There are 2 protein chains.
Amino acid sequence: MPTHFKGTPQETSALDALIKLFRASNTVSGRLFGTLQKEHGLTESQLGVLEAIHFLGPMQQTGLCGKILRSGSNVTTVVDNLERNGLVRRERDASDRRVQVVHLTDAGKKLIARVFPDHVERVVDALSPLSRDEQKELGRLCRKLGLGNTQP
Amino acid sequence: MPTHFKGTPQETSALDALIKLFRASNTVSGRLFGTLQKEHGLTESQLGVLEAIHFLGPMQQTGLCGKILRSGSNVTTVVDNLERNGLVRRERDASDRRVQVVHLTDAGKKLIARVFPDHVERVVDALSPLSRDEQKELGRLCRKLGLGNTQP
DNA sequence: ATCCGATTGTTTCATGTCGAACTATACCCT
DNA sequence: AGGGTATAGTTCGACATGAAACAATCGGAT
């Protein structure tokens, strides 16, 4: 989308950086999760959910919202699909009957244990064009960007 | 998704950088296009299409694929919605009857002319946590990341 | 004990997104 | 010409995504 817009140097610089940020994010995401999709039928959000439960234990859906940074309604959908595929199961919390605790099934445990190492390897590969220092610098710049929070 | 995974320093570095990249991209994207959606009912892809035609003139859909970096079927959908909302119109190319040339309608021209400056302003604002040099460095790192291309 | 507001999750609706199968058209080659 | 291949778009099915409206439940205040 840089197209042929001519703005002030400030505007050009910001637009240029933004486009490269989006492009990098999209490209890497596509490479990473395209493979995951083809080889294991998992989407990015599905992996996020399985991964969170794998490392943190059974969680309620609100917790998953925080982990994968998606809306509540979206988490409902993603967990629905995982449940239909037999990878997770919901259980009502006895002490607070509003909450659904999401557990891995045995199939889910097996899948995430098998898939995650390969995924990490692909992440390392995707980031390999950058040195360790460059990765750190990229992280620092991205963190600064993410902060300018809109306070509601 | 960093959760509690402990890997080699290489793996930790890559995962950490990746998460920050995705988070920054998502956060900025959400802030930018959330506003655009609320105020003008436009999505990111719709803005991309209007912007491309605004600056480059009427284009065929394949050209739009390249500009907004989305699949052909997706461009069909996005242009469908824009057309339904009266912002663009399709015209068959006389010399190659497979081609649909997408034009801005008057309403589309008015909208993009009105919306784009505000959008640029928000982009500048979103990138303002970074100095000009930092924006340049972010761009450089992102470009390196985007290159590791899978050759089909 | 009761009521009100907050929290949790679901449903609905509109859009985006991709890949695969399909149609129509164009171009090339003999 | 005729046939084969390539390209432009569309359609379809599956999943993602968020906002808004809704239901169920909890908890605090009175």
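Residues numbered from 1 in each chain as written. Chains lettered and ligands numbered in written order. Predicted model: local features only at pLDDT ≥ 70, side-chain atom pairs only at ≥ 80, totals over all residues. Heavy atoms only, no water.

**Notes on the protein's contact with DNA strand C**
The criterion, for reference: We call a residue near a molecule or strand whenever a single non-hydrogen atom of that residue lies within 4 Å of it. Whenever a nitrogen or oxygen atom comes within 3.5 Å of another N or O atom, the pair is scored as a polar contact, on the condition that within protein one atom can donate a hydrogen and the other can accept it, and that pairs from neighbouring residues in sequence are kept only if both atoms are in side chains. We count a stretch as a helix when DSSP gives it H or I for four or more residues in a row; a strand needs E for two or more, and each element gets its number in order from the N terminus.
The environment of DNA strand C is formed by 24 residues, the closest being A:Gln61, A:Thr62, A:Arg98, B:Ser45 and B:Asn81. Backbone sugar and phosphate groups make up 72% of those atoms of DNA strand C lying within 4 Å of the protein. A:Thr76 is positioned such that a nitrogen or oxygen atom in its side chain is 2.8 Å from a phosphate oxygen of DNA strand C. At 2.9 Å from a base oxygen of DNA strand C is found a side-chain nitrogen or oxygen belonging to B:Ser73. Breaking the surface near DNA strand C down by element, the ones donating at least two residues are α3 (61-68) and α4 (72-84) of chain A together with α2 (44-56) and α4 (72-84) of chain B.

**A short note on the interface of chain B and chain A**
Rules: Note on contacts: a residue pair qualifies if any of its non-hydrogen atoms lie within 4.5 Å across the two residues. For any pair of parts, buried area is found by adding up, for both, the accessible area (1.4 Å probe) each one loses once the two are put together. For this analysis, a salt bridge means a side-chain nitrogen from Lys or Arg found within 4 Å of a carboxyl oxygen belonging to Asp or Glu. As a working rule, the residues Ala, Val, Leu, Ile, Met, Phe, Trp, Tyr, Cys and Pro are called nonpolar, Asp, Glu, Lys and Arg charged, and the rest polar, with Gly in that last group.
In this complex, chain B contributes 58 residues to the contact, which on the side of chain A involves 57 residues. Summing both partners gives a buried area of about 5,700 Å² for chain B against chain A, and 72% of it is carried by carbon and sulfur. Our count for the contact surface shared by chain B and chain A stands at four salt bridges. Note that B:Lys144 is salt-bridged to A:Glu134, the shortest N-O span being 3.1 Å. Linking chain B with chain A are eleven residue pairs in polar contact (both at pLDDT 80 or more). Breaking the side of chain B that touches chain A down by element, the ones donating at least two residues are α1 (9-40), α2, α3 (61-68), α5 (106-127) and α6 (132-147) of chain B. Take the side of chain B that touches chain A: its biggest share by element is 21 residues, from α1(B). Class assignment for the residues of the side of chain B that touches chain A results in 30 nonpolar, 14 polar and 14 charged.

**As for the packing of helix α1 (residues 9-40) of chain A against helix α5 (residues 106-127) of chain A**
All names here are of chain A. We apply this condition: Here an angle of 0 to 180 degrees is reported between the N-to-C directions of two axes, which are lines fitted to C-alpha atoms, with helices fitted over the stretch in contact. Oblique is the label for any angle not under 35 degrees, not over 145, and not in the 65 to 115 range, which are roughly parallel, roughly antiparallel and roughly perpendicular in turn. In this scheme the crossing of two helices becomes right-handed for a clockwise turn of the near helix relative to the far one and left-handed for an anticlockwise turn of less than a right angle.
As a packed pair, α1 and α5 sit with axes 10 Å apart at the nearest point and diverge in direction by 155°. Put simply, α1 runs roughly antiparallel to α5. Like other packed secondary-structure pairs, α1 and α5 cross with a definite hand, here right-handed. From α1, Val28, Leu32, Phe33, Thr35, Leu36 and His40 reach across to α5, where they touch Arg114, Val115, His119, Arg122, Val123 and Ala126. Across the contact of α1 with α5, the residue classes tally to seven nonpolar, three polar and two charged.

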